[in-house]
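# Survey of secondary and tertiary structure
Each chain is listed here by its residues.
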Amino acid sequence: MSDQIASQPSCADPFDPASISLDEALRRIAERVQPVHACERLPIRECLDRVNHEIVSSPSNVPPHANSAMDGFALAVASLQQDGITEFEQIGTAYAGNAFEGSVSAGQCVRIMTGGLIPQGADAVIMQEQTEVTAEGKVRIDANHRVGENIREAGEDIKQGAAVIDAGVRLSPADLGVLASLGIAQLQVKRKPVVAFFSTGDELMPVGEPLAPGKIYDSNRYCLHGMLSRMAVDIVDLGVVRDEPQAMREALENAAAKADLILSTGGVSVGEADFIKPALEEIGSTEFWKIAIKPGRPLTLGQIDASIFIGLPGNPVAVMVTFSQFVVPAIQALAGTRPTRPKLFKARADDRLRKKPGRYEFQRGIATLDETGEWRVGKTGKQGSGILTSMSRANCFIVLPDDNAGVEPGDEVSIQFFDWSL
Ligand code: AMP
Ligand code: MG
């Protein structure tokens, strides 16, 4: 027997040659995920954050008629003298929603409010601040005006027939306003993906019970519930599943019957109590990956019938990191919209950050804008993957690329703000 231990690759190693990159993992997930097919027709208020099914073309012009962008006087520019002041007779008033019915001839003007329809014969609105009204009620206007001044043309925002919202777009509050401005009351959107999730581990207890010896409270399900609640998905919480093959199989079968995506936490490391792998292999297919990121190295991708399974690590910070990097794009693809990559911002580090080259790291940071308009970022104390307060105190990840070998105060780093609502 040798007097040295032949150690196996582990998450303590900076780099494991068997691991795959973050981009490769994303590519493999994208390859598997098929968008949901079914659609539903909903009142537009309920379409917020949902994915538009078919391109929306405008049935009409917005605004429907030319109207005034200012409070002022509508008139024909041709009736202004070339130089000096012209006096106009005011023949009526046009309010928003209450038009002036007559027409404007030379030497006449109409008092007009913002949004009021441009009367026949007028081709400009002179803002009231550029006019004088005499004691006799005449309106005095100088020569410096042009045709079209302060007029919002019909169709200026949206032309009839124009494409306004593409298929596959996740609908924003502004989109709902655009739909309303077109008089569209209901819209076809893709159905919400259903996401089922559970925790694994015999050590886990639900909150609300006194903690038994050797146990810990299950925090992952609460983080997952929070992150999923910010997304347009239906969620099914399947509780805690014991580290036992039969229980695991049943949980997976039950989840697959209900959900498009199944998430679990824990039970995917090389520990002896890892039951996910055999259970998945029995009822579906599976791939186990080591991803060259920290935290969050072990990840499982699988499939049971039409449901995708993503097995996240057990450590709470690793759960949040892998959710933000892999689950968010998987849900976007399922929902039928194009996955977005988290946005990176440049920031100046306030602290020294320890890192070994080899893996892509997500340290937790607090970013603030300094008085020069530059982002500065400090760390949130201990960075262990079980230290969940490092996440709750933070507002961003400090993203350190594979080859980074540590950061000194004043160095420039990339940060990713937390955004669980993509
Ligand atoms: P595992 O991958 O199952 O070995 O879990 C790795 C570590 O994460 C262990 O220390 C677990 O106790 C912890 N852990 C796993 N699941 C949870 C959970 N739902 N809540 C809090 N900690 C967990
Ligand atoms: Mg476990």
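Residue positions are given per chain, counting from 1 as you read along its sequence in written order. All chains are assigned letters beginning with A, and all ligands numbers beginning with 1, in the order in which they are written. Where totals are concerned, whole chains, interfaces and linings use all residues; where local detail is concerned, this predicted model gives features only for residues with pLDDT of at least 70, and gives and counts side-chain atom pairs only at 80 or more. Note that water and hydrogens are dropped before the side-chain values are worked out from all heavy atoms of the structure.

## Some thoughts on the side chain of S414
Put simply, the rule is: The way it works is that DSSP assigns letters per residue, a run of H or I at least four long becomes a helix, a run of E at least two long becomes a strand, and they are numbered from the N terminus. Polar contact is defined as a pair of N or O atoms within 3.5 Å, subject to the rule that within protein one atom must be able to donate a hydrogen and the other to accept it, and that residues adjacent in sequence are counted only when both atoms are side-chain atoms. It only takes one pair of heavy atoms within 4.5 Å for two residues to be counted as in contact.
Within the secondary structure layout, S414 lies in strand β26 (residues 412-417). One polar contact links S414 to K346, side chain to side chain, over a distance of 3.3 Å. Leaving out residues up to four positions away in the same chain, S414 has contacts with L344, F345, K346, F397, I398 and V399.

## Structural notes on the environment of T86
For clarity, the threshold we go by: Burial classes: relative accessible area under 20% of the type maximum marks a residue as buried, over 50% as exposed, and values in between as partly exposed (1.4 Å probe, protein chains only).
Mapped onto the elements of the fold, T86 is located in strand β5 (residues 86-94). A relative accessible area of 7% places T86 in the buried class. The spacing of T86 and K138 is 52 residues in sequence and 9.7 Å in space, taken between C-alpha atoms. T86 has contacts with S79, L80, Q81, V139, R140 and I141, leaving out every residue within four places of it along the chain.

## Points about the site of ligand 1
Stated formally: Each residue is tested against the molecule or strand, and it is near if at least one of its non-hydrogen atoms lies within 4 Å. Accessible surface area values rest on a Shrake-Rupley calculation with a 1.4 Å probe, where residue burial reflects the displayed protein chains alone.
By nearness alone, 16 residues border ligand 1, and E203, D218, S219, G267 and G314 come closest of all. One of the backbone N or O atoms of N315 is found 3.3 Å from an oxygen atom in ligand 1. The protein chains hide 75% of the 480 Å² of surface that ligand 1 would expose on its own. Residue assignment for the shell around ligand 1 shows that the elements contributing at least two residues are β13 (194-200) and β15 (216-217).

## Describing the environment of L204
Its place among the elements puts L204 in strand β14 (residues 204-205). When its relative accessible area of 10% is taken as the criterion, L204 is described as buried. Apart from the residues within four sequence positions on either side, L204 is in contact with S199, I216, Y217, D218, V240 and R242.

## Looking at the pattern of salt bridges
As a reminder, the rule being used: Should a side-chain nitrogen of Lys or Arg be within 4 Å of a carboxyl oxygen of Asp or Glu, the pair is scored as a salt bridge.
Taken as a whole and assessed by the stated rule, the structure comprises 20 salt bridges. Between R140 and E87 there is a salt bridge, and its shortest N-O distance comes to 3.8 Å. Here E87 lies in strand β5 and R140 lies in strand β9 (residues 139-141), a separation of 53 residues in the sequence. Residue classification places R140 among the partly exposed residues on the basis of a relative accessible area of 27%. Residue classification places E87 among the partly exposed residues on the basis of a relative accessible area of 42%. Put simply, R376 and D370 hold a salt bridge, and the shortest N to O gap is 3.5 Å. Taking relative accessible area as the criterion, R376 reaches 26% and is therefore assigned partly exposed.

## Looking at the sheet that holds strand β6 (residues 108-112)
For the record, the criterion: Paired strands are those between which DSSP finds at least two bridges. Geometry is summarised by axes, namely lines fitted to C-alpha atoms with helices restricted to the contacting stretch, and by angles between N-to-C directions that run from 0 to 180 degrees.
Read across the sheet, six strands follow the order β7-β4-β6-β5-β9-β8 without closing on themselves; strand pairing throughout is mixed. A strand with exactly one partner marks an edge of an open sheet, and here the two such strands are β7 (124-127) and β8 (131-133). With direction set aside, neighbouring strand axes in the sheet form an average angle of 40°. Relative to β7, strand β4 (residues 72-75) is paired through four bridges, and the arrangement is antiparallel. By the bridge assignment, A74 is partnered in β7 with V125.

## Regarding unusual backbone geometry
Note on backbone geometry: most residues besides glycine have negative phi, and most peptide bonds are trans. Cis peptide bonds are those with omega within 30 degrees of zero, and the linkage from V62 to P63 qualifies with -5°. Positionally, P63 belongs in the loop between β2 (56-57) and β3 (67-68). Cis rather than trans, the peptide bond between K294 and P295 has omega equal to -5°. With respect to the helices and strands, the residue P295 is situated in the loop between β19 (293-294) and β20 (298-304).

## A word on the nonpolar core
Convention followed: For this analysis, a nonpolar core means a set of buried residues of the types Ala, Val, Leu, Ile, Met, Phe, Trp, Tyr and Cys, connected via side-chain atoms within 4.5 Å.
L261, L263, I310, F323 and F326 are the most contacted members of the largest nonpolar core, which has 41 residues in total. Secondary-structure elements contributing two or more residues to this core are α1 (22-32), β13, α3 (220-229), β17 (261-265), β20, β21 (307-312), α6 (316-335) and β25 (396-400). Looking at this core element by element, the count peaks at twelve residues for α6. Setting aside residues up to four positions removed in sequence, L261 forms contacts with V194, V195, A196, I308, I310, V327, I331 and L334. Grouped together as the second largest cluster of nonpolar side chains are 19 residues, V194, A255, V268 and I304 included.

## Description of helix α4 (residues 245-258)
Under the convention used in this document: One less than the number of residues in a helix, times 1.5 Å, gives the span that helix is expected to have.
Between its first and last C-alpha, α4 extends 20 Å over 14 residues, near the 20 Å set by a 1.5 Å rise per residue. You can read the cap of α4 off the contacts: a side-chain oxygen lies 3.2 Å from the backbone nitrogen of Q246, and it is on E244.

## Description of the domain arrangement of the protein
Which entries qualify depends on this criterion: Domain start and end points were adopted from an automatic or database domain assignment.
Taken domain by domain, the protein consists of domain 1 (22-38 + 192-335), domain 2 (39-61 + 158-190), domain 3 (67-152) and domain 4 (345-417). Each of domain 2 and domain 3 has a C-alpha centre, and these two points are 37 Å apart.

## Here's the deal with the pairing of β6
Most of β6 is tucked away, with five of its five residues classed as buried. Here β6 shows no split at all, with Q108, V110 and I112 on one side and C109 and R111 on the other all buried. For β4 and β6, the ladder comprises three bridges, and the chain directions are antiparallel. Across the sheet, residue F73 finds its bridge partner in β6, namely R111. Here β5 runs beside β6; their pairing, made up of four bridges, is parallel.

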